[in-house]
Amino acid sequence: MAFYITTPLYYVNDIPHIGHAYCTVMCDILNRYHKLFGEETLMLTGTDEHGQKCEQAASAKGITPQAHCDSMAPNFKKVWDEFNISYDIFFRTTDNFHKESVQKALQDLFDKGEIYEATYEGWYSVSEEIFYTEKEIVDGKSPTGKPVSKISEKNYFFKMSKYQERLIKHINDNPGFIKPESRKNEVLGFLKKDLTDLCISRPKERMGWGIEIPFDKDYVTYVWFDALLNYATGIGYNQKEKSEAFKKWWPVANHVVGKDILTTHAVYWTTMLMALEVPLPKSIFAHGWLLNKSNEKMSKSEGDVINPMDFKDIVDIDPLRYYFARDIHFGNDSPISKDIIFNRLNNELSNNLGNLLSRTTNLITKFYDGKLVKKINTSDETVKKLMALCKDLPELVKKDINDFKPSYAIEHIINVLNECNRYLEETAPWKLAKTDTDAAAEVLYVALEILRICSGLLYPVMPSKVIALYETLGLKEVTWDKLCQFDVLTDGQSISKATPLFPRLQ
Ligand code: MSP
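Residues numbered from 1 in each chain as written. Predicted model: local features only at pLDDT ≥ 70, side-chain atom pairs only at ≥ 80, totals over all residues. Heavy atoms only, no water.

*Asks:* Would you take a moment to explain the overall build of the chain for this structure?
*Replies:* The secondary structure content of the chain amounts to 18 helices and 15 strands. The C-alpha atoms of the chain give a radius of gyration of 26 Å, which matches the 23 Å a tight globule of 506 residues would have. Oriented by its inertia axes, the alpha-carbon framework of the chain measures out at about 90 × 40 × 40 Å. Across the 506 residues in the chain, those meeting the buried criterion constitute 56%. (Helix = DSSP H or I, 4+ residues; strand = E, 2+ residues; numbered from the N terminus. Rg over C-alpha atoms; globule rule 2.2 N^0.38 Å. Buried < 20%, exposed > 50% of the residue type's maximum accessible area, 1.4 Å probe, protein only.)

See below:
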């Protein structure tokens with residue numbers, strides 16, 4: 001099995017913000033889970049460097065667009081490193097191989113009559129880089145409320161409308177193609193209206209920062225036409241020497257995007273692929289927005305976004321990753337604030353997981369000289385129940401991750417940790433150890449096995465914290481087969497006293 005996941009390519013007109021970090025972290029978590037399941041995985045992220053926004057940002061700084069992009073792209077890499085993102089490909093749309101592949105695709109479509117020339121008259125939104133027809137304009141603005149200006153010019157158009165019926169059929173025939181279900185219905189709703197053809201060029205005299213159209217040197221291609229192709233060119237599309245890689249990864253491609261850019265992916269991209277005679281990706285998942293205090297999308301243009309690096313001063317990166325995956329049902333919008341984050345992390349990481357770790361390891365150090373006694377009382381009903389829960393847990397987690405539902409996967413894990421803490425409360429090994437060391441040792445062995453399995457299943461979410469926790473248990477790595485087994489910790493194994501991994505947040 002193989003799994004290929006992509007984030008959107010982020011515009012380089014500004015530094016990364018918390019919405020970008022959210023999407024990239026979620027993709028990294030899903031990717032790391034699939035790797036843990038034993039699949040071959042590939043993750044692509046990167047920057048969208050052409051178009052008017054980038055050109056404007058460069059001119060505001062008085063430098064060339066390329067110099068601007070070269071200075072901005074590393075900001076994204078730096079933040080992804082801080083956020084423990086383990087991507088395989090960092091894609092930049094200004095890379096030469098990409099430009100050549102895009103030009104090949106344009107020429108191919110032009111030769112096949114899929115692209116034609118016409119005069120465009122209508123409205124244009126610079127901030128969205130999208131054309132609108134008269135009918136779509138609401139109170140002199142774009143449907144999403146962005147300023148628009150009227151233009152009339154010769155341009156090139158892609159025959160998008162031709163593929164409308166085929167696209168509707170594909171979405172209906174492949175229920176998991178657009179996720180979640182509510183977004184799929186939105187796209188189908190959008191496709192009830194007649195699709196127009198897509199303007200895919202910009203005259204250089206108005207906007208020169210883009211990939212030149214091979215059949216008309218006075219034009220560059222529309223930034224979305226160039227950027228969407230990255231998902232395919234990044235893994236070898238239109239590059240002879242990489243055709244095997246493309247064959248391998250393309251059928252397992254999953255695009256994760258914010259809900260605001262679902263149409264460009266579910267309609268523009270899919271119809272472009274149809275015209276290019278390339279099969280469609282496996283899935284497109286649209287996530288929701290992180291909201292500001294007024295419950296609106298945090299956005300750079302509104303100036304209310306949080307710089308992801310600002311979080312570092314109040315909470316470690318791994319717990320923040322946990323918060324993203326656990327608190328926000330993937331697909332939904334969610335307000336983000338310090339209080340909500342602290343509440344979740346204190347309840348589940350400090351009180352639950354952290355407490356279990358410190359209680360068990362402290363007792364092993366205090367009463368058993370730091371050496372584990374391997375003994376399981378398999379006739380005890382509670383132990384039997386806990387072992388059964390652990391046996392089922394990995395598959396439950398896997399199912400939810402395969403369905404792009406990480407918050408549900410984590411909930412299963414937290415439920416088992418809760419049961420384990422309840423078991424400790426009932427058996428009170430801190431008292432029992434004083435009168436019956438063997439019985440207390442049995443309790444602690446079961447608790448530590450549960451801790452090993454549950455924390456191991458959280459490894460994709462909090463890679464650094466879980467490795468630190470595993471070191472306390474004398475373990476080095478997390479492997480799927482061991483997570484599916486119950487008696488992995490060995491007799492006499494050294495257990496160290498844990499340093500607090502999840503201090504309470506005030
Ligand atoms: N460059 C295009 C994507 C091209 S993909 C071939 C683009 N870039 S962007 O930088 O403006 O936005 C990238 C992503 O950030 C989008 O998926 C968008 O939904 C996401 N977010 C921007 N603000 C956000 C929040 N407040 N919350 C969550 N994600 C949001 O669009």
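Now that the structure has been shown, the text picks up again.
*Asks:* I'm lost on the sheet that holds strand β11 (residues 216-221) in this one. Help?
*Replies:* Strands belonging to one sheet form pairs held by backbone hydrogen bonds; the direction of such a pair is parallel or antiparallel. Here 3 strands make up an open sheet; going across it, the order is β9-β11-β10 and the pairing antiparallel. Each edge of the open sheet is held by one strand with a lone partner, namely β9 (201-203) and β10 (212-213). By the bridge criterion, 3 bridges tie β9 to β11 in an arrangement that is antiparallel. Across the sheet, residue Ser201 finds its bridge partner in β11, namely Thr221. (Pairing = 2+ DSSP bridges.)

*Asks:* What is the right way to look at the pairing of strand β13 (residues 283-287) in this model?
*Replies:* The buried fraction of β13 amounts to 5 of the 5 residues, a majority that puts the element mostly inside the structure. Neither face of β13 is exposed, since Ser283, Phe285 and His287 on one face and Ile284 and Ala286 on the opposite face are all buried. Sheet analysis places strand β12 (residues 253-258) next to β13, joined by 5 bridges and oriented parallel. Pairing of Val256 across the sheet is with Phe285, part of β13. The parallel pair β12 and β13, bridged by helix α10 (residues 262-276), forms a crossover whose chirality is right-handed. (Right-handed = clockwise from strand over helix to strand, strands pointing away.)

*Asks:* How should the layout of surface pockets be read in this particular structure?
*Replies:* With a probe scaled to a water molecule rolled over the atoms, the places where space remains empty come into view. Counted as a void, the second largest pocket has a volume near 270 Å³. Forming the walls of the second largest pocket are 17 residues, and the residues nearest its centre are Pro180, Glu181, Phe285, Asp403 and Lys405. Those elements that provide at least two residues to the lining of the second largest pocket are β7 (178-179) and α14 (406-427). Tallied by class, residues from the lining of the second largest pocket come to 7 nonpolar, 6 polar and 4 charged. Structurally, the lining of the second largest pocket is a two-domain feature, drawing no fewer than three residues from each of domain 1 (2-287) and domain 2 (349-483). (1 Å grid on protein atoms, 1.4 Å probe; cavity = no way out; pocket = protein on both sides within 12 Å on 5 of 7 lines; lining within 4 Å. Points joined across faces, edges and corners; volume = space filled by probe spheres on them. Nonpolar A, V, L, I, M, F, W, Y, C, P; charged D, E, K, R; others polar. Domains from an automatic or database assignment.)

*Asks:* Where do I start with the nonpolar core in this structure?
*Replies:* Taken as a class, soluble globular proteins show a tendency for nonpolar side chains to be buried jointly. Ranked by size, the top nonpolar core spans 105 residues in total, and within it Phe83 and Phe324 carry the most contacts. Sort the elements by how many residues they give to this core and helix α16 (residues 437-457) lands first, with 13 residues. Among the domains, domain 1 (2-287) and domain 2 (349-483) are the pair contributing at least three residues each to this core. In contact with Phe324, not counting residues within four places along its chain, are Ile18, Ala21, Tyr22, Val25, Met26, Phe83, Leu290 and Ile336. Of all hydrophobic cores here, the second largest spans 68 residues; its members include Ala105, Leu167, Phe225 and Leu280. (Core = buried A, V, L, I, M, F, W, Y, C linked by side-chain atoms within 4.5 Å. Contact = heavy atoms within 4.5 Å.)

*Asks:* Would you mind going over the sheet that holds strand β1 (residues 2-11) with me for this structure?
*Replies:* The 6 strands lie next to each other as β3-β2-β1-β12-β13-β7, forming an open sheet whose pairing is parallel. At either margin of the open sheet sits one strand with a lone partner, and together these are β3 (89-92) and β7. Of the strands in this sheet, β1, β2 (40-48) and β3 are in contact with helix α3 (residues 65-82), which crosses β3 at around 155°. Contacting β7, β12 and β13, α10 crosses the sheet at an angle of about 160° to β13. (Axes fitted to C-alpha atoms, helices over the stretch in contact; angles between N-to-C directions.)

*Asks:* Can you help me understand the site of the ligand in this one?
*Replies:* Taken together, 24 residues form the shell around the ligand, and within it Leu9, Asp48, Asp260, Leu290 and Met298 come nearest. Within the contact set of the ligand, a nitrogen atom lies 2.7 Å away from a side-chain nitrogen or oxygen of Asp48. Separating a nitrogen atom of the ligand from a backbone N or O atom of Leu290 is a distance of 2.8 Å. Those elements that place two or more of their residues in the shell around the ligand are β1, α1 (18-36), α7 (223-228), α8 (230-233) and β12. (Near = heavy atom within 4 Å. Polar contact = N/O pair within 3.5 Å; in protein donor to acceptor, adjacent residues only side chain to side chain.)

*Asks:* Explanation requested: the domain arrangement of the chain in the structure shown.
*Replies:* Size of an interface, as often reported, equals the accessible area lost when the parts are brought together. Considered domain by domain, the chain is made up of domain 1 (2-287) and domain 2 (349-483). Summarising the inter-unit geometry, the C-alpha centres of domain 1 and domain 2 are found 44 Å apart. Contact residues are listed per partner, giving 14 residues for domain 1 and 19 residues for domain 2. Scanning the region where domain 1 abuts domain 2 turns up 0 salt bridges. (Salt bridge = Lys/Arg side-chain N within 4 Å of Asp/Glu carboxyl O.)

*Asks:* For this particular structure, what's the right way to read the packing of aromatic side chains?
*Replies:* Centre-to-centre distance and the angle between the planes together describe a pair of aromatic rings. If you walk through the whole model with that rule in mind, you get 25 aromatic pairs. Ring plane angle 70° and centroid distance 5.0 Å describe the contact between Phe37 and Trp480, whose orientation is recorded as edge-to-face. Of the two residues, Phe37 sits in the loop between α1 and β2 while Trp480 sits in helix α18 (residues 480-483), which places them 443 residues apart along the sequence. Of the residues examined, Phe37 reaches a relative accessible area of 9% and is grouped as buried. Ring geometry for Tyr124 versus Phe131: centroids 4.7 Å apart, planes at 50°, classification tilted. (Phe/Tyr/Trp six-rings, centres within 6.5 Å; stacked < 30°, edge-to-face > 60°.)

*Asks:* Sorry, what's going on with the state of the cysteines here?
*Replies:* Cysteine pairs can be covalently joined through their sulfur atoms, and such a bond is termed a disulfide. Summed over the entire model, instances satisfying the criterion amount to 0 disulfides. The thiol of Cys199 is unpaired, and the distance to the nearest cysteine sulfur, on Cys54, comes to 20 Å. The class of Cys199 is buried, set by a relative accessible area of 4%. (Disulfide = S-S within 2.5 Å.)

*Asks:* Teacher, can you tell me more about the packing of α1 against helix α13 (residues 381-402) here?
*Replies:* In a packed pair of helices, the relevant descriptors are the angle between the two axes and the axis-to-axis distance. For the pair α1 and α13, the least separation of the axes is 10 Å and the interaxial angle reads 135°. Overall, the two elements α1 and α13 adopt an arrangement that is oblique. The hand of the α1/α13 crossing is left-handed. Seen from α1, the contacting residues are Leu30, Tyr33 and His34; seen from α13, they are Val397, Ile401 and Asn402. (Parallel < 35°, antiparallel > 145°, perpendicular 65-115°, else oblique. Left-handed = near helix turned anticlockwise from the far one by under 90°.)

*Asks:* What is the right way to read the side chain of Ser455 from this model?
*Replies:* Relative to the helices and strands, Ser455 is located in helix α16. Judged by its relative accessible area of 1%, Ser455 is buried. Among all residues touching Ser455, those that are not within four sequence positions of it are Leu353, Val466, Leu469 and Tyr470.

*Asks:* How should I be thinking about α1 in this particular structure?
*Replies:* Structurally, the α-helix is built with 3.6 residues per turn, so residues lying three or four positions apart point the same way. Given a rise of 1.5 Å per residue, 19 residues ought to cover 27 Å, and the 26 Å separating the end C-alpha atoms of α1 matches this to within 8%. Counting buried positions along α1 gives 17 out of 19 residues, so the element sits mostly inside the fold. Residue Gly38 follows α1 closely and has a positive phi angle near 100°. (Expected span 1.5 Å × (residues − 1).)

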